[in-house]
Amino acid sequence: EAQVTQNPRYLITVTGKKLTVTCSQNMNHEYMSWYRQDPGLGLRQIYYSMNVEVTDKGDVPEGYKVSRKEKRNFPLILESPSPNQTSLYFCASSSLKTQYFGPGTRLLVL
Amino acid sequence: SQQGEEDPQALSIQEGENATMNCSYKTSINNLQWYRQNSGRGLVHLILIRSNEREKHSGRLRVTLDTSKKSSSLLITASRAADTASYFCATAPGLTGANNLFFGTGTRLTVIP
């Protein structure tokens, strides 16, 4: 089954404790992206990757890092999480026409 | 920001009625897409309309695009309780295809059985 998976689905952490949210797709898509979704603000793009070893900043990249060492994986790294990064995070991969979204990761930073 | 804006923010209708949601955007586009999101879950692609198209249908969905007004509408006919969800428009600017999509803030649709 074609899908985008994210882990973990839910995470509670404390300020400053580094964390990684994994994202994997099995559709051989070149393009992958991370979004955060906050009430009243819709989805905002954090980072995207056009292909392996190619990443670029989206609209709200501050406080986040990404890497793209393999085509299928695109982890999101929060080196020092802060409470304003509490949000719902979505990974997506693209077929050049439409984007396929993962189920989301709900993050709470205390 | 290149984000689109949906209108209304929330819409409540009876089952069987039609639901219309509107989207306005700011820049020239390659295509415009509509996505659906059930509460707290990932977005699911519904339909894509290219900048040179004016109307497109898919089942009970009808999308229109007016590039001169930089606006689009999504019509869901004969709504069902299962259509309850948030609906987002997303624009792909210029020549980028679908890769860099800019999402609106969404319309929350409630269909009352």
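Computed from a prediction, not measured in an experiment: that's the story for all the values here.

With that settled, consider the overall build of chain A. In terms of regular secondary structure, chain A is built from 0 helices and 11 strands. Taking 110 residues into account, the globule formula puts the C-alpha radius of gyration at 13 Å, and chain A, at 13 Å, falls close to it. Dimensions along the principal axes, computed over C-alpha positions, put chain A at roughly 35 × 25 × 25 Å. Taking all 110 residues of chain A together, the buried fraction comes to 50%. With the model as given, the accessible surface of chain A reaches about 5300 Å², and the carbon-plus-sulfur share is 52%. Distance from the positive charge centre (13 side chains) to the negative charge centre (9 side chains) of chain A: 4 Å.

Right, let's get into the pattern of salt bridges. This structure, assessed with the given rule, holds 7 salt bridges over all chains. For Glu55 of chain B, the salt bridge is made with Arg62 of chain B, and the minimal N-O distance between the two is 3.1 Å. A cluster of three or more residues bridged by salt bridges with shared partners is formed by Lys18, Lys65 and Glu79 of chain A.

Quick look at the sheet that holds strand β7 (residues 65-66) of chain A now. All names here are of chain A. Reading across the sheet, the 4 strands line up as β1-β3-β8-β7 and stay open at both edges, with antiparallel pairing between neighbours. The open sheet has two edge strands, β1 (4-7) and β7, and neither has a second partner. Pairing analysis gives 2 bridges linking β7 to strand β8 (residues 76-78), with the strands arranged antiparallel. Paired with Val66 across the strands is Leu76, a residue of β8.

In this section: the nonpolar core. Residue and element names in this part refer to chain B. With 20 residues, the main nonpolar core has Met21, Leu32, Trp34, Leu74, Ile76, Tyr87 and Leu109 as its most contacted residues. Among the elements of the structure, β3 (19-24), β4 (29-37), β5 (43-50), β7 (61-66), β8 (71-76), β9 (85-93) and β11 (107-112) are those that each provide at least two residues to this core. Not counting chain neighbours up to four residues away, the residues in contact with Tyr87 comprise Glu6, Met21, Tyr35, Arg36, Leu46, Leu74, Ile76, Gly106, Thr107 and Leu109.

To continue, consider the interface of chain B and chain A. Residue-level contacts link 21 residues of chain B with 23 residues of chain A. When the two sides are added together, the surface that chain B and chain A hide from each other amounts to roughly 1600 Å², 50% of it contributed by carbon and sulfur. At the junction of chain B with chain A, the criterion picks out 0 salt bridges. Where chain B packs against chain A, one counts 2 residue pairs in polar contact (both at pLDDT 80 or more). Counting residues per element, the ones that place at least two in the side of chain B that touches chain A are β4, β5 and β10 (102-103) of chain B. The element that contributes the greatest number of residues to the side of chain B that touches chain A is β5 of chain B, accounting for 4 residues.

Moving on, we get to the confidence of the model for chain B. Summary statistics for chain B give a mean pLDDT of 91 and a share of 93% for residues scoring 70 or more. When the elements of chain B are averaged for pLDDT, strand β1 (residues 5-7) of chain B gives the smallest value, 86, and β7 of chain B the largest, 98.

A grouping of Ile12, Val14, Leu108 and Leu110 of chain A is seen on the molecular surface, where their side chains present a nonpolar patch of about 380 Å² in accessible area. Tracing the backbone through its elements, the reader meets Val14 of chain A in the loop between β2 (10-13) and β3 (19-25).

Here we take up the state of the cysteines. The full count for this structure, using the stated rule, is 2 disulfides over all chains. Note on cysteine connectivity: Cys23 of chain A is disulfide-linked to Cys91 of chain A, with sulfurs 1.8 Å apart. In this structure the cystine formed by Cys23 of chain A and Cys91 of chain A twists about its S-S bond by roughly -70°; its chirality is therefore left-handed. Linking Cys23 of chain A in strand β3 with Cys91 of chain A in strand β9 (residues 87-94), this pair joins segments that are 68 residues apart in sequence. Exposure class is identical for Cys23 of chain A and Cys91 of chain A. Each is buried. There is a disulfide in this structure between Cys23 of chain B and Cys89 of chain B, and the S-S distance comes to 2.0 Å. Since a negative S-S torsion denotes a left-handed disulfide, the Cys23 of chain B-Cys89 of chain B link at about 65° is right-handed. Note that Cys23 of chain B is positioned in strand β3 and Cys89 of chain B in strand β9, a separation of 66 residues in sequence. Per residue, the accessibility class of Cys23 of chain B equals that of Cys89 of chain B, and both read buried.

To continue, consider the side chain of Asp83 of chain B. Residues and elements named next belong to chain B. Secondary-structure assignment places Asp83 in the loop between β8 and β9. Side-chain polar atoms of Asp83 contact the backbone nitrogen of Arg80, separated by 2.8 Å. When residues no more than four places from it in sequence are discounted, the contact partners of Asp83 are Arg36, Arg60, Ile76, Leu109 and Val111.

Parameters and conventions
- Residues numbered from 1 in each chain as written.
- Chains lettered and ligands numbered in written order.
- Predicted model: local features only at pLDDT ≥ 70, side-chain atom pairs only at ≥ 80, totals over all residues.
- Heavy atoms only, no water.
- Helix = DSSP H or I, 4+ residues; strand = E, 2+ residues; numbered from the N terminus.
- Rg over C-alpha atoms; globule rule 2.2 N^0.38 Å.
- Buried < 20%, exposed > 50% of the residue type's maximum accessible area, 1.4 Å probe, protein only.
- Areas by Shrake-Rupley, 256 points an atom, 1.4 Å probe, with all protein chains shown as cover.
- Lys, Arg positive; Asp, Glu negative; His and termini not counted.
- Charge placed at Lys NZ, Arg CZ, Asp CG, Glu CD.
- Salt bridge = Lys/Arg side-chain N within 4 Å of Asp/Glu carboxyl O.
- Pairing = 2+ DSSP bridges.
- Core = buried A, V, L, I, M, F, W, Y, C linked by side-chain atoms within 4.5 Å.
- Contact = heavy atoms within 4.5 Å.
- Buried area = accessible area lost by both parts, 1.4 Å probe.
- Polar contact = N/O pair within 3.5 Å; in protein donor to acceptor, adjacent residues only side chain to side chain.
- pLDDT = per-residue confidence, 0-100.
- Patch = residues over 30% accessible without salt bridge, like charges linked within 9 Å, V, L, I, M, F, W, Y side chains within 5 Å.
- Disulfide = S-S within 2.5 Å.

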